[in-house]
Amino acid sequence: MAAPALARSRTGWLAAGVLGVATVPAVAVATQSPAWSMLLAGALLLAGGFVVMAPCELQMAATLATVVRRRATREALGAGAVRASALRFAAGYLLFYAPVAAALGVVAWMLAGWSWVLALGGAVVAGGLGLAALGLPRGTRLAECRGPLYLLRSGRASLERPFAAGAAFGRYCATCCGPYVLALVLVAGATASPVAGSLLVAAYAVTMTLPFLLPVLLAPARYVVLADRVAHDGPQLRTATGVSLVALGVLLVPVAVLLAAA
Amino acid sequence: MVLTGLYLAAAAHVALAVRARRRTGRWDRAAVLAWWSGIGVLAVALLSALDGAGEDSLPAHMLQHVLLATVAPPLLLRGLPRALLAPVTARALRPVLRRRGGRRVLRRLAAPVNAFGVWAVLLGAWHLPALYERGLASPGLHVAQHLAFLTAGLAFWLPLSEVVPPLGRPFRWRARLGYLAAGQAVAASLAAVFLWAPVRVYGWYAAAGSFPGADPLASQRLAGVVMLGADMVVALTAAVWVVLSGLTTTDRAGRARLRA
């Protein structure tokens, strides 16, 4: 059902193009000079990092804006309380997400030479979630997991408890950016540098939290404007997330090839 | 020389801010805060112990470059909103804008693709081992390297700032996000070289003793983490700002249309 729809869509052609362009040099490097395969795998992952992370970041900003807005409207909160809500949201997100990243690192370390299988698994998960976000396999349960509006409507991101809302977003995000972090951990692990691996994961967690936290801390009034547009621009954000996840799934295929060669 | 430059920059901004306050009757606190933060970042990069440490340690030198090229420029440009700079830009640019050719030249100079090119070329060229190590060996070239990184950063962030009035097609927020993504692709690829290259990129640090207690490859990876972390945080923060500003502008335009 999904394959013909994907073939008709621009996303399908884009994904095939990226797969072709990225896999050819990956195979060439993996076979000719395996010592450099980690550099290419890392460069592929990091070069696409912004495209993977930006839609997730914007969804997080949209969720936080809605949480903050509804609290501010109901309880007539001042800027200080808005900032406190944002900090609790970020704490919930970080506390949920940090052990997930660590668990991925442990699994990668245990699999050692077979870590490329994990990267391929990550590619399948990312691609499947991306297609679900694009609504291509219609009628599946995955279609429900489509971002912040789902979290808010289902009550998982409770407006009364920003900390729990942050943790709920962490659950959503772990499936979204999880494969990306997994691949980063795998590539860092393959260079036999646990320090670089843990620093990368730490940098990733902080990188995801700071950008949505800074605007709300510096300009809470302006930030609330975003909430007004969540319902209007939500579908566009969801599509952007879907496209970026499909791209991530495609990107992880050459990364798996390079990991197998390392 | 650095201290004099920072004093002059600070004094010039105070003069502009006071003039704008007289004209509008209010302080642009965000602009003042951003400008002084930018000056502070430059002071930390160029006047603190970081400057000396950069000669023996690649991560310290990378941190210094990141402060110059990634952190300070957006702060400095945020500190120069159009309203603050209007008296200067109006006087300087009006004669050029009156001429057709002058307007065309200015439009080309301000085009995002050109700004991006300047940034990418300066960033890439100064990280080439031959040029980078020559810069470390020669004080004059080292100053030129730091100036080049600051210029590159200012060039990259200029199209995303509100310093210069739009001369060509408006740079819409979706295009701005694409611009940021392209910039990140270049910067992150460079960071990947430091993170995963199986050999030392710069031989200088082996000769200089490298980071105390760390092997040269670990130092190199740490430098990559510093570069990647700072670039990604700044770019994603900018992405949230770009979307917020874009939505606010769209909202204002929508309300104006409704009123009309």
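Residues numbered from 1 in each chain as written. Chains lettered and ligands numbered in written order. Predicted model: local features only at pLDDT ≥ 70, side-chain atom pairs only at ≥ 80, totals over all residues. Heavy atoms only, no water.

Asker: With reference to specific residues and values, describe the overall build of chain A.
Answerer: Of regular secondary structure, chain A possesses eleven helices and zero strands. N-terminal to C-terminal, the α/β element order of chain A is α-α-α-α-α-α-α-α-α-α-α. When each of the 262 residues of chain A is scored for burial, the buried share is 53%. The contacts of chain A with a sequence gap of at least 6 include a subset with a gap of at least 24, amounting to 83%. Carbon and sulfur atoms make up 71% of the accessible area of chain A, which amounts to about 11,000 Å² in all. (Helix = DSSP H or I, 4+ residues; strand = E, 2+ residues; numbered from the N terminus. Buried < 20%, exposed > 50% of the residue type's maximum accessible area, 1.4 Å probe, protein only. Contact = heavy atoms within 4.5 Å. Areas by Shrake-Rupley, 256 points an atom, 1.4 Å probe, with all protein chains shown as cover.)

Asker: Explain the confidence of the model for chain B to me, and be specific about the residues and the numbers.
Answerer: When pLDDT is averaged across chain B, the result is 83; 90% of the residues are at 70 or more. The ipTM for the predicted assembly is 0.71, set against a pTM of 0.78. (pLDDT = per-residue confidence, 0-100.)

Asker: Outline a positive patch on the surface, listing residues and values.
Answerer: Residues and elements named next belong to chain B. Together, Arg-100, Arg-103, Arg-104, Arg-107 and Arg-108 give the surface a local cluster of positive charge. By the element assignment, Arg-104 lies in helix H6 (residues 100-110). Look at Arg-104 and you get partly exposed, because its relative accessible area is 44%. (Patch = residues over 30% accessible without salt bridge, like charges linked within 9 Å, V, L, I, M, F, W, Y side chains within 5 Å. Salt bridge = Lys/Arg side-chain N within 4 Å of Asp/Glu carboxyl O. Lys, Arg positive; Asp, Glu negative; His and termini not counted. Charge placed at Lys NZ, Arg CZ, Asp CG, Glu CD.)

Asker: How would you summarise the packing of aromatic side chains if you had to cite specific residues and measurements?
Answerer: Residues and elements named next belong to chain B. Counting across every chain of the model gives eight aromatic pairs over all chains. An angle of 45° between the planes, with centres 5.9 Å apart, marks the rings of Phe-194 and Tyr-202 as tilted. The residues Phe-194 and Tyr-202 share a single accessibility class, namely buried. Aromatic ring contacts, followed pair by pair, group Phe-116, Trp-119, Phe-156, Trp-157 and Tyr-179 into a single cluster. (Phe/Tyr/Trp six-rings, centres within 6.5 Å; stacked < 30°, edge-to-face > 60°.)

Asker: Hey, could you go over the confidence of the model for chain A for me, with residue numbers and the actual values?
Answerer: For chain A, the average pLDDT comes to 69, and 54% of its residues sit at 70 or higher. Looking over chain A, one finds the lowest element-wise mean pLDDT in helix H1 (residues 2-8) of chain A, namely 51, and the highest in helix H3 (residues 37-47) of chain A, namely 79.

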